[in-house]
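One letter stands for each residue in the lines below.
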Amino acid sequence: MGLNTWLRRRRLPAGLRPALAGNERVVAWAPVGDGALVATNLGLWLPAAEPPQPRCGWHTINKVTWSSPLLTLTTAAEVPADGPDPETRYTAVADLPPVAFRLAAPGQLPEQVRQRVNRSVAFTTQHQLPGGGAVRVVARRVSGVDGLTWVVRYQDGADPTDPEVAKITAELVDLAATGLAAPL
């Protein structure tokens, strides 16, 4: 049996197994320090010095790069935005600082992470905003949730608290959602 076959078939030790949800299954993992990065059908479990171990849903990972031996993740956090009304269909997010993990025995983890992050993106487009800046409109698939979740990322100094920016953003999201709902 070759090394690649052994790495694919290795079992996650019980001591490194996160507290999985009932419908969650491990698809790949790699040791990291005293812990492990564990990819499941619902997201990526990050190693933690103390429980509880955090899981990032695939839809919260904005960027992933693999340059052996480093797997670098950029996740998103919700930011305040002045939506036009409480029924706003989108959530505004911003990138958190990238976090790199050194993987001595990556196995299938980098490939699984990239595939699952890419599959979570159903639609993406970027628009320049009047007065400067830009907004990226993204429809994401969220594991266990029917339909699409709409997120926006403001870029190049766009002010998400500006009511005019919020109004234009809502219109762009509505246009994108309408376009996706159109019959093929």
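Small disclaimer: the values here were computed from a predicted structure and weren't measured.

Undergrad: Sorry if this is basic, but what is going on with unusual backbone geometry here?
TA: Among all residues save glycine, negative phi is the norm, and among peptide bonds the norm is trans. Cis rather than trans, the peptide bond between serine 68 and proline 69 has omega equal to 10°. Here proline 69 shows up in the loop between strand E5 (61-67) and strand E6 (70-78). The backbone of aspartate 156 shows a phi angle near 55°, a positive value even though the residue is not glycine. Assignment of secondary structure puts aspartate 156 in the loop between strand E11 (148-155) and helix H3 (163-181).

Undergrad: What is the right way to read the pattern of salt bridges from this model?
TA: It is possible for side chains of opposite charge to pair when their charged atoms get near one another. Applying the stated criterion across every chain, the model contains four salt bridges. The closest approach of N and O atoms between arginine 89 and aspartate 174, which form a salt bridge, is 2.9 Å. Highlighted residues: arginine 89 in the loop between E6 and strand E7 (90-95) and aspartate 174 in helix H3, separated in sequence by 85 residues. What makes aspartate 174 partly exposed here is its relative accessible area of 35%. When the shortest N-O distance is used, the salt bridge between glutamate 171 and lysine 167 registers 3.4 Å.

Undergrad: Quick question: what am I supposed to make of the side chain of glutamate 24 here?
TA: Its place among the elements puts glutamate 24 in the loop between helix H1 (3-9) and strand E1 (26-32). On the basis of relative accessible area, glutamate 24 is assigned to the buried category, the value being 7%. One polar contact links the side chain of glutamate 24 to the main-chain amide nitrogen of alanine 21, over a distance of 2.8 Å. In terms of polar contacts, glutamate 24 uses its side chain to reach the side chain of tryptophan 45, at 2.8 Å. Those residues in contact with glutamate 24 that sit more than four places away from it in its chain are Thr40, Asn41, Leu42, Trp45 and Arg55.

Cut-offs applied
- Residues numbered from 1 in each chain as written.
- Predicted model: local features only at pLDDT ≥ 70, side-chain atom pairs only at ≥ 80, totals over all residues.
- Heavy atoms only, no water.
- Helix = DSSP H or I, 4+ residues; strand = E, 2+ residues; numbered from the N terminus.
- Salt bridge = Lys/Arg side-chain N within 4 Å of Asp/Glu carboxyl O.
- Buried < 20%, exposed > 50% of the residue type's maximum accessible area, 1.4 Å probe, protein only.
- Polar contact = N/O pair within 3.5 Å; in protein donor to acceptor, adjacent residues only side chain to side chain.
- Contact = heavy atoms within 4.5 Å.

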